[in-house]
Amino acid sequence: MFRKLPGDEARNLVSTTPDTAVVFRPAVVRTPALVTIVIWLSRLVAGLVRLVWRHPIAVTSPAVPGVIWTLYGWPLALVLVGLVLLAGLSWASLNRASFLRIIGWRLLAFWRRVWIYRRHWQPVMIVSGLGRHLRGRDYLPRLVRVECDGWADRVTVRMLNGQAVKDWTDRAEHLAHGFGSRACRVSVARAGRLVLTFPRCDPLAVPLPAVPIPDVASVGPVEIGACEDGRPLRLKVHGTHVLIAGATGAGKGSYLWGTIRGLLPAMHAGLVEVWALDPKRMELSFGRALFGDRYAADPADCAELLEAAVAVMQERADRFGGLQRSHTPTTADPFVLVLVDEVAFLTAYQSDKGLKLRITAALATLTTQGRAVGVGVMAALQDPRKEVMNIRNLFPDKIALRLDESEQVDMVLGDGARDRGALADHISPVPALGAGVGYVRLETSPDPVRVRAAYVSDDDIRAMVAEYAQLVDAAPVTGCTTAPDSIPVMGSRARSAPVLGVASATREGVRANG
Ligand SMILES: Nc1ncnc2c1ncn2[C@@H]1O[C@H](COP(=O)(O)OP(=O)(O)OP(=O)(O)O)[C@@H](O)[C@H]1O
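Residues numbered from 1 in each chain as written. Predicted model: local features only at pLDDT ≥ 70, side-chain atom pairs only at ≥ 80, totals over all residues. Heavy atoms only, no water.

The chain carries the name FtsK/SpoIIIE domain-containing protein in an unreviewed UniProt entry, which gives Microtetraspora malaysiensis as its organism.

A. Representation of the overall build of the chain within the structure. Looking only at helices and strands, the chain features 16 helices and 17 strands. The buried share among the 514 residues of the chain stands at 45%. Considering only contacts in the chain between residues 6 or more positions apart, those separated by 24 or more positions represent 69%. As displayed, the chain offers around 26300 Å² of accessible surface, 61% of which is attributable to carbon and sulfur atoms. (Helix = DSSP H or I, 4+ residues; strand = E, 2+ residues; numbered from the N terminus. Buried < 20%, exposed > 50% of the residue type's maximum accessible area, 1.4 Å probe, protein only. Contact = heavy atoms within 4.5 Å. Areas by Shrake-Rupley, 256 points an atom, 1.4 Å probe, with all protein chains shown as cover.)

B. Spatial organisation of the sheet that holds strand 7 (residues 193-199). If you walk across this open sheet you meet the four strands as 4-5-7-6, and the pairing is antiparallel. Looking at strand neighbours, the two that pair on one side only are strand 4 (142-148) and strand 6 (185-190), the edges of this open sheet. Going from strand to strand, the sheet's axes swing by 25 degrees on average, the running direction of each strand aside. Both strand 5 (residues 152-158) and strand 7 contribute to a ladder of seven bridges, which runs antiparallel. Looking at strand 7, one finds that A152 is bridged to P199. In the packing of helix 5 (residues 96-128) onto the sheet, contacts are made with strand 4, strand 5 and strand 7, and the angle to strand 4 comes to roughly 145 degrees. (Pairing = 2+ DSSP bridges. Axes fitted to C-alpha atoms, helices over the stretch in contact; angles between N-to-C directions.)

C. Highlighting the packing of aromatic side chains. Taken as a whole and assessed by the stated rule, the structure comprises nine aromatic pairs. Arranged with centres 6.2 Å apart and planes meeting at 35 degrees, the rings of W257 and F291 form a pair that is tilted. Of the two residues, W257 is situated in helix 8 (residues 252-268) and F291 in the loop between strand 11 (272-277) and strand 12 (295-296); the sequence distance between them amounts to 34 residues. Its relative accessible area of 0% is what places W257 among the buried residues. (Phe/Tyr/Trp six-rings, centres within 6.5 Å; stacked < 30°, edge-to-face > 60°.)

D. Focus on unusual backbone geometry. Here the phi dihedral of E342 falls at roughly 45 degrees; this positive angle occurs in a residue that is not glycine. Of note, E342 is situated in the loop between strand 13 (335-340) and helix 10 (344-347). On the basis of relative accessible area, E342 is assigned to the buried category, the value being 2%.

E. Examining the sheet that holds strand 16 (residues 437-441) more closely. Strand order in this open sheet of ten strands is 9-8-17-16-15-10-14-13-11-12, and the pairing throughout is mixed. In this open sheet, the two strands that pair with only one neighbour each are strand 9 (232-235) and strand 12. Where strand 11 lies against strand 12, two bridges are found, and the strand directions are parallel. Bridge assignment links L277 to a residue of strand 12, and that residue is A296. Strands strand 11, strand 12, strand 13 and strand 14 (375-381) of the sheet are contacted by helix 9 (residues 299-320), whose axis makes an angle of about 150 degrees with strand 11.

F. Representation of helix 4 (residues 74-94) within the structure. Over its 21 residues, helix 4 extends 30 Å from the first C-alpha to the last, a length consistent with the 30 Å expected when each residue adds 1.5 Å. Within helix 4 the residues assigned to the buried category are A77, G88 and A92. All buried residues of helix 4 lie within an arc of 40 degrees about the axis, which places them on one face of the element. In helix 4, the exposed residues that point more than 90 degrees away from the buried face are L83, L86, S93 and L94. In the core, the buried residues of helix 4 are packed alongside helix 3 (56-72) and helix 5. (Expected span 1.5 Å × (residues − 1). Arc of directions from axis to C-beta.)

G. Looking closely at a positive patch on the surface. On the surface, R50, R54, R118, R145, R158 and R190 cluster together to form a positively charged patch. Following the sequence through the fold, R190 ends up in strand 6. (Patch = residues over 30% accessible without salt bridge, like charges linked within 9 Å, V, L, I, M, F, W, Y side chains within 5 Å. Salt bridge = Lys/Arg side-chain N within 4 Å of Asp/Glu carboxyl O. Lys, Arg positive; Asp, Glu negative; His and termini not counted. Charge placed at Lys NZ, Arg CZ, Asp CG, Glu CD.)

H. The UniProt feature "binding site: ATP" (unreviewed entry) in the chain, seen in detail. Mapped onto this structure's residue numbering, the UniProt feature "binding site: ATP" (unreviewed entry) falls at G246, A247, T248, G249, A250, G251, K252 and G253. Mapped onto the elements, A250 comes out in the loop between strand 10 (242-245) and helix 8. Residues within four places of A250 in sequence aside, it is in contact with L401, R402, G434, A435 and G436. Checked against the element boundaries, G253 lands in helix 8. Under the relative-accessibility criterion, G253 is labelled buried at 10%. Dropping the residues within four chain positions of it, G253 is found in contact with G258 and E283. (UniProt positions renumbered as here; feature names shortened; annotations may be inferred.)

I. Quick look at the pattern of salt bridges. Going through the model one piece at a time under the given rule, you end up with 19 salt bridges. Close ionic contact of R200 with D153 constitutes a salt bridge, the shortest N to O distance being 2.6 Å. One end of the pair, R200, is in the loop between strand 7 and strand 8 (222-227); the other, D153, is in strand 5, with 47 residues separating them in the sequence. Sharing partners across several salt bridges, the network here consists of R182, R185, D202, E228 and R450.

J. Seen up close, the pairing of strand 16. The buried fraction of strand 16 is high, at five of five residues. The side-chain alternation of strand 16 yields two buried faces, one formed by V437, Y439 and R441 and the other by G438 and V440. As paired strands, strand 15 (residues 397-400) and strand 16 are joined by three bridges and run antiparallel to one another. Note on strand 16: the bridge partner recorded for A400 is Y439. As defined by bridge partners, strand 16 adjoins strand 17 (residues 449-453) across four bridges and the pair is classed as antiparallel. Note that in strand 17 the partner of G438 across the bridge is V451.

K. Geometry of the packing of helix 3 against helix 4. Where helix 3 meets helix 4, the axes come as close as 7 Å, and the angle between the chain directions of the two elements is 150 degrees. In terms of orientation, helix 3 and helix 4 fall into the roughly antiparallel class. Along this stretch, helix 3 crosses helix 4, giving a crossing that reads as right-handed. Residues V64, P65, I68, W69 and Y72 of helix 3 form the contact with helix 4, whose participating residues are W74, L76, A77, L80 and V81. Of the residues assigned to the contact of helix 3 with helix 4, the class counts are ten nonpolar, no polar and no charged. (Parallel < 35°, antiparallel > 145°, perpendicular 65-115°, else oblique. Left-handed = near helix turned anticlockwise from the far one by under 90°. Nonpolar A, V, L, I, M, F, W, Y, C, P; charged D, E, K, R; others polar.)

L. A nonpolar patch on the surface, seen in detail. Among the surface-exposed residues, I37, L41, L44, L48 and L51 lie close enough to one another that they form a single nonpolar patch of about 460 Å² accessible area. Within the secondary structure layout, L41 lies in helix 2 (residues 33-54).

So, in structure tokens, the structure goes:
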């Protein structure tokens, strides 16, 4: 789309260097006034039709009272407006959701389109370099549509021919500030069209209380928090592997404990086994009674536990081979979720090379072959560099919590994730504001989603242990019906250790002291 500037471009064209004898003058054809008027009128009519077509409610709202005022006088128009307002208020108070869906958000979208986006479109596009001002004409991307919901504006844009998505992702910050938002996320709607998401408020600014333990046993996506748009955050764990990266204190524990919490009924039903590797001894040890024998902290035990998981995986692969290509959790073949807190302790900072190789090989085997047979890995780490975690690309789903450097965002979420709005390096280090906040990038979607995990406190974990430790321990053990000897049990040491690892210390206390 381009817009002609009013004024006298033609005069600029005739200017030449002062001492030139030859002066070029463009041929100017005088347009009759009538033709100009007809063109402007037809444009006006087309614009009005378009306005009514695109914004029927916003146009009808002032038009109908206006017509009634003209035909029957102002008292009737006033009564009508009063009745409509009353009906609207009653509707909003009785069923706010439907009122907002059908009327509220549309009116807001109309208002914001006119007042925010249309008004600032030209200067923001030109200054950010997404539009061009060439020979007196503005070539601007087209503002197609504005939609609003509870937390954000979604602006559909038609790019200029020849523009690339990267041109826009590179200028996300210009767009955010230009339109008065704290962020701008760019996603592709279809060829040539983009959707820019501008958050208006932050529903994740306050910590969320732990999600209640589900009533039914489910291995399906586990609800562990909330997404930025207000939907629950449901993390898929069966049929995938999840990598969680975040600086110290970023809230990785919430994701691990939130997942365990959501799986407790399924663990009790024998459909899920959580195998916990806790080399730091500070996170999962707090509820180790939930894991029974399937807990390891010492690197040698961790290697053994991982190799045990590989053995389960291979035994299942042998059995399933030629019969089934995917896994359905049963009590005989439950879903095995291997949780690893601070995996770098085992893969990078491990001084025993033999152990390091065994652990890396076992993790690589599980992450490449485990998901089809019902063995999943969820690993947390602080430093996502390749030399620390060289198998990070084997995790289909990734979560980036607060990170120290901007380059780390793409290391975790994949190339271009930060440009698409995953500003994990901008997450606040203040726990109340930023702990548990992160960006999720799923295998099935390239667009990162901003989320916050609910906070599973020490008291919540204590309650989980008190309610479920015995029940989970009593649940059937993997493969007992088919291969009782195929799973090495992780030593009696784990069983005889105190239930909550560090006497009565809290996880926070341990961290502060340590
Ligand atoms: N989801 C959350 N919401 C609000 N606050 C949280 C959340 N998760 C954690 N916190 C706060 O942040 C602190 C650090 O959390 P956590 O121990 O989970 O971080 P971490 O990433 O595991 O750190 P480290 O790598 O050092 O173990 C907690 O003590 C708690 O106060």
